[in-house]
Amino acid sequence: MTRLPLALVPLDNESWPSYLTRRAAQHGTTLAELATHLGLRDGRGRWSGRFGVRLDPCDVQRLAPILGLVPTEVENMHLSSYDQLAFDLTGLAHDIPIAATRMAAHAAWVWLAGSTFCPLCLAEDDGAWRLSWRIPWITACLRHGISLRGSCAVCGGVPGLGNRLHGSAPPRVAAAPDGRLCSHPRPGGAVCGAGLSAQRTVRADPRRLARARQMAELASGKRGPVAGVERTSLQALRAWQSAIGIAVRLGAVDAGDWGLTHRWANPPRDPDLVDRLLESVEPLVNAKDPESAADVLEVWLRQAGIRSPNATTFSRITQPSAALQPVIDEALSRCGRAHTLIQRRL
């Protein structure tokens, strides 16, 4: 297949669906027609699995010259570029698609479909969408200092989440290829069409920006502290996830309707709620040492009316975290009968 006649360089941290949408607009066609031309859809109009999440190496090598890109540019636009940095996607290698999705989701908080967004970025960058907006941990735009939005203000839909099955394929590929417009499906085959780039923005306070910066650094692979000990990015983010599970279960934070079930693999879609959860566990995870973090955990336990916690108190309510285990061990060592304390110390 020959190279597309017009060239377009992807923006920094641009996502694959966003880039193809801008290429379709550039060539005066729809995303559906462009994808069919590129071989991303079969004869029945079905998309390949994990669109925007990962791309087969053979397709990467095939598509890069057609788009006028090098293979690494194509790979970097997929969510898999954050694999083993922000989350673990090895479960997607499972032969059964549904089981693969569950394995990847249970490994860490990850959205295989749907995205938050910054209206100001969409307005300034020709409707380009950032790949980092698909990482639940990041709740603010560090470029503009505003809170990210998690849904369209008009229809309430989550951008990029077009059906109840949370499929990763574009919901309405025949719609106008404009990333600044909401393409959430409406009854009868129409789309919302509201302008996402003109929706209301809220300035993020300095502490939220600091948390967003810390999460962005972890997502990029930078090591981070957990109770005073440096950990890999995956270990640190798992500690945040585990701490949130404990805080919600013990009532240390009001999470509303979220968290009653599936705290392990169901990150909230509301960036404001995610930041509230991060804020609630920040004193524990960012404590200077395990002893100080255990002090925070003890307060949560007392407020929940738990006077004699044991190992199952924590293992049953959240994902295990090797980085957080020293904090739990310290908290458990402070309570119990004499023989129990001796056994724990041994």
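Look up: the structure comes first, before these words.
Attention in this report is confined to the structure presented alongside it. (Residues numbered from 1 in each chain as written. Predicted model: local features only at pLDDT ≥ 70, side-chain atom pairs only at ≥ 80, totals over all residues. Heavy atoms only, no water.)

This part covers the packing of helix H10 (residues 290-303) against helix H12 (residues 325-332). Put simply, H10 and H12 touch, their axes get as near as 8 Å, and they point 65° apart. Considering the angle they form, H10 stands roughly perpendicular to H12. For the crossing formed where H10 meets H12, the hand is right-handed. Packed against H10, whose contacting residues are Pro290, Glu291, Ala293, Ala294 and Leu297, the element H12 presents Pro326, Val327, Ile328, Glu330 and Ala331 at the interface. The residue inventory of the contact of H10 with H12, partitioned by class, reads eight nonpolar, no polar and two charged. (Axes fitted to C-alpha atoms, helices over the stretch in contact; angles between N-to-C directions. Helix = DSSP H or I, 4+ residues; strand = E, 2+ residues; numbered from the N terminus. Parallel < 35°, antiparallel > 145°, perpendicular 65-115°, else oblique. Left-handed = near helix turned anticlockwise from the far one by under 90°. Contact = heavy atoms within 4.5 Å. Nonpolar A, V, L, I, M, F, W, Y, C, P; charged D, E, K, R; others polar.)

Our next topic: the packing of helix H8 (residues 233-249) against helix H9 (residues 271-285). Two packed helices can be described by the angle between their axes and the distance between those axes. Taken N-terminus to C-terminus, the directions of H8 and H9 make an angle of 110°; their axes are 9 Å apart at the nearest point. One element, H8, and the other, H9, form an angle in the roughly perpendicular class. Mapping the contact onto sequence places Ala239, Trp240, Ala243, Ile244, Ala247 and Val248 in H8 and Leu277, Leu278, Ser280, Val281, Glu282, Leu284 and Val285 in H9.

Relative to the 20 Å expected for 14 residues at 1.5 Å per residue, helix H7 (residues 206-219) spans 20 Å between its end C-alpha atoms, a close match to the ideal helical length. Where H7 is concerned, the buried positions are Arg208, Leu209, Arg211, Ala212, Gln214, Met215, Leu218 and Ala219. Against the buried residues of H7 lie strand E1 (140-141), strand E2 (146-147), strand E3 (224-226), H8 and H9. After H7 finishes, the residue Gly221 shows a positive phi value of roughly 105°. (Expected span 1.5 Å × (residues − 1). Buried < 20%, exposed > 50% of the residue type's maximum accessible area, 1.4 Å probe, protein only.)

Between its first and last C-alpha, H10 extends 20 Å over 14 residues, near the 20 Å set by a 1.5 Å rise per residue. Every buried residue of H10 is accounted for by Ala293, Ala294, Val296, Leu297, Trp300 and Leu301. Relative to the axis of H10, the buried residues are bounded by an arc of 155° and lie together on one face. Away from its buried face by more than 90 degrees, H10 exposes Arg302 and Gln303. Packed against the buried residues of H10 are H8, H9, helix H11 (311-315) and H12. Directly beyond the C-terminal end of H10, a positive phi value near 80° is found at Gly305. (Arc of directions from axis to C-beta.)

The full count for this structure, using the stated rule, is five aromatic pairs. Geometrically, the ring pair formed by Trp109 and Trp258 is edge-to-face, given 5.9 Å between the ring centres and 85° between the ring planes. Taken together, the residues span a long stretch of sequence, with Trp109 in the loop between helix H5 (97-107) and helix H6 (119-124) and Trp258 in the loop between H8 and H9 at a distance of 149 residues. Classification of Trp258 as buried rests on a relative accessible area of 11%. Ring centres of Phe117 and Trp129 lie 5.6 Å apart, and the angle between their planes is 50°; this geometry places the pair in the tilted category. A residue pair is termed long-range when its members are at least 10 positions apart, and Phe117 in the loop between H5 and H6 and Trp129 in the loop between H6 and E1 qualify at 12 residues. On the basis of relative accessibility, which here comes to 12%, the residue Trp129 falls in the buried class. Taken together, the ring pairs in this structure connect Trp109, Trp137 and Trp258 into an aromatic cluster. (Phe/Tyr/Trp six-rings, centres within 6.5 Å; stacked < 30°, edge-to-face > 60°.)

Bear in mind that shape data such as this cannot, by itself, settle questions of function.
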